Amino acid sequence: MSAQEVITTAKAMVAQGKGILAMDESTGTCTKRFEALGIKSTDESRRQYRDLLLTAPGLSDFISGAILYDETIRQDVLDGTPFPRFMADNGILPGIKVDTGAKDLAGFPGEKITEGLDGLRERLAEYKKMGAKFTKWRAVITIGDGIPSMGCIQANAHALARYAALCQEAGLAPIVEPEVLIDGDHTIERCYEVANETLHTVFNELYRQRVLFEGMILKPSMVISGKKCSKRAGVQQVAEMTVDVLLNNVPANVAGVAFLSGGQSNEEATAHLNAMNQLGIDTPWPLTFSYARALQQPALELWKGDQKNVPAAQKALAFRAKLNSAASKGAYDEKQEKQAA
Ligand code: 13P
């Protein structure tokens, strides 16, 4: 493994004022998002949409890297340049999702295990050749009646650590994503408890598998009330409890923390990140974003599958990227929402 290579990449991913664009929806998820808006999902429509995102003018001012899906990394921008090459030429690090999805965990009703370790070394070698610099693997932890179990947390943490070690061996910087789902009616305190146990277990496994903390990015969910909680916590409490759980579990030499948006509204995801960066706590790692929905949703809604809407959609994407960039520096203000694209 080239330690320096992964350290350099991980640092660049969380450079000041920059975050990561997650655009690695599997074909199934992308199709669901398209169909919800009446957009037909074909190889070509998915290519056009990803083309729109990556060629948005000014994107690299706010975005350090973008996470692709297996289909996308093999596709080209309109002039025939492969996506990863186009990105590298335009100051955006190419990343790739390498897990093969969350499946039911045998013996644990209602819980998931993320698969994809078999053959991963070979797949990583191929992605590296195609120009990938970093990777992503998402584990899913569900809060519910009597869950999550330690069996589920442990199995997912172990897989995340095995994945991260293989990526670093290949010279790719891993994004380690243990997502505690927002679904359910749980309180923010319950979310804290689960996030605390999950992060503790994940970092123990990462340590056991000899993962280099300086060469990885943590992509956590925020500590937040369940979507259906009757009394949802406010922005300040989310910020305080999220930073607290990270300080409690994340080694100081981890290169950076880049949150997922996890079903929060666009504005909420930006406000929460901003509030964390306004707490006046000098965290040992940059706190930034790696959003999919909270960056893309306005663009997707404007595009509607019609190429004549591309400029408006690109403006909307760059606008959300700009606001989240400000939030990563604690410099966002709700009033900026009004200057919408
Ligand atoms: P969301 O920001 O839509 O939660 O997606 C982030 C992500 O990459 C999920 O794996």
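Further up the page is the structure itself.
Conventions and cut-offs
- Residues numbered from 1 in each chain as written.
- Predicted model: local features only at pLDDT ≥ 70, side-chain atom pairs only at ≥ 80, totals over all residues.
- Heavy atoms only, no water.
- Axes fitted to C-alpha atoms, helices over the stretch in contact; angles between N-to-C directions.
- Helix = DSSP H or I, 4+ residues; strand = E, 2+ residues; numbered from the N terminus.
- Parallel < 35°, antiparallel > 145°, perpendicular 65-115°, else oblique.
- Left-handed = near helix turned anticlockwise from the far one by under 90°.
- Contact = heavy atoms within 4.5 Å.
- Nonpolar A, V, L, I, M, F, W, Y, C, P; charged D, E, K, R; others polar.
- Near = heavy atom within 4 Å.
- Polar contact = N/O pair within 3.5 Å; in protein donor to acceptor, adjacent residues only side chain to side chain.
- Areas by Shrake-Rupley, 256 points an atom, 1.4 Å probe, with all protein chains shown as cover.
- Pairing = 2+ DSSP bridges.
- Buried < 20%, exposed > 50% of the residue type's maximum accessible area, 1.4 Å probe, protein only.
- Core = buried A, V, L, I, M, F, W, Y, C linked by side-chain atoms within 4.5 Å.
- Phe/Tyr/Trp six-rings, centres within 6.5 Å; stacked < 30°, edge-to-face > 60°.
- Arc of directions from axis to C-beta.

S.K.: Give me the lowdown on the packing of helix H9 (residues 235-249) against helix H10 (residues 266-277), citing residues and values where you can.
M.R.: Following both chains from N to C, one finds H9 and H10 inclined at 60°, their axes separated by 8 Å at the closest point. In terms of orientation, H9 and H10 fall into the oblique class. Taken as a pair, H9 and H10 cross one another with a handedness that is right-handed. Mapping the contact onto sequence places Val-235, Gln-236, Val-238, Ala-239, Thr-242 and Val-243 in H9 and Ala-271, His-272, Ala-275 and Met-276 in H10. Its residues assigned to classes, the contact of H9 with H10 shows seven nonpolar, three polar and no charged.

S.K.: Requested: an account of the site of the ligand, with residues and values cited.
M.R.: For the ligand, the full set of nearby residues is Ala-22, Lys-136, Arg-138, Glu-177, Lys-219, Leu-260, Ser-261, Gly-262, Ser-290, Tyr-291, Ala-292 and Arg-293. Gly-262 is positioned with one of its backbone polar atoms (N or O) 2.6 Å from an oxygen atom of the ligand. Summarising the interface, the protein chains cover 93% of the accessible area of the ligand, which totals 300 Å² for the free molecule. In the shell around the ligand, the residues fall into four nonpolar, three polar and five charged.

S.K.: Break down the sheet that holds strand S8 (residues 217-218) for me, with residues and values.
M.R.: Read across the open sheet, the eight strands follow the order S1-S2-S3-S6-S7-S8-S9-S10; overall the sheet is parallel. Each edge of the open sheet carries a strand with a single partner, namely strand S1 (19-22) and strand S10 (287-289). Examined bridge by bridge, strand S3 (residues 93-97) and strand S6 (residues 134-141) share three bridges and lie parallel to one another. Within S6, the residue paired with Ile-96 across the bridge is Thr-135. Contacts between helix H7 (residues 150-169) and the sheet are confined to S6 and strand S7 (173-180), with S6 contributing the most and set at about 175° to the helix.

S.K.: Can you lay out the packing of H10 against helix H12 (residues 310-327) for me, pointing to particular residues and giving the numbers?
M.R.: Between H10 and H12, the least distance of the axes is 8 Å, while the angle of their chain directions is 20°. By the angle between their axes, H10 is roughly parallel relative to H12. Every residue of H12 that contacts H10 at Asn-266, Glu-267, Ala-269, Thr-270, Leu-273, Asn-274 and Asn-277 is listed here: Arg-320, Leu-323, Asn-324, Ala-326 and Ala-327. Looking at the contact of H10 with H12 residue by residue, the classes come out as five nonpolar, five polar and two charged.

S.K.: An account of the environment of Gln-16 is needed here, citing residue identities and associated values.
M.R.: With respect to the helices and strands, the residue Gln-16 is situated in the loop between helix H1 (3-13) and S1. The exposed category is assigned to Gln-16, whose relative accessible area is 70%.

S.K.: Tell me what's going on with the nonpolar core, and back it up with residues and numbers.
M.R.: The biggest cluster of nonpolar side chains holds 97 residues, and the ones touching the most others in it are Leu-206 and Leu-246. Setting aside residues no more than four positions away along its own chain, Leu-206 makes contact with Leu-160, Ala-161, Ala-164, Val-176, Val-211, Phe-213 and Met-216. Ranked by size, the runner-up nonpolar core spans 15 residues in total, among them Ala-22, Ile-175, Ala-255 and Ala-292.

S.K.: Could you give an account of the packing of aromatic side chains, naming the residues involved and the relevant values?
M.R.: The final tally for this structure, using the stated rule, is six aromatic pairs. Considering the side-chain rings of Phe-203 and Phe-213, the 5.8 Å spacing of their centres and the 65° angle between planes classify their relative orientation as edge-to-face. One end of the pair, Phe-203, is in helix H8 (residues 188-208); the other, Phe-213, is in the loop between H8 and S8, and 10 residues separate them in sequence. The residues Phe-203 and Phe-213 share a single accessibility class, namely buried. The rings of Phe-34, Tyr-49 and Trp-303 are connected pair by pair, giving a single aromatic cluster.

S.K.: Kindly report on unusual backbone geometry, identifying the contributing residues and their values.
M.R.: In this model, Ile-147 is joined to Pro-148 through a cis peptide bond whose omega is 10°. You can see Pro-148 is positioned in the loop between S6 and H7. Backbone geometry at Arg-210 places phi at a positive 60°, although glycine is not the residue there. Mapped onto the elements of the fold, Arg-210 is located in the loop between H8 and S8. In this structure, Lys-304 takes a positive phi of about 55° despite not being glycine.

S.K.: Could you give me a rundown of helix H2 (residues 27-35), with the residues and numbers involved?
M.R.: Listed in full, the buried residues belonging to H2 are Cys-30, Thr-31 and Phe-34. For H2, the angular spread of the buried residues around the axis is 100°, confining them to a single face. Contacts from the buried residues of H2 go to helix H3 (43-54) and helix H11 (293-303).

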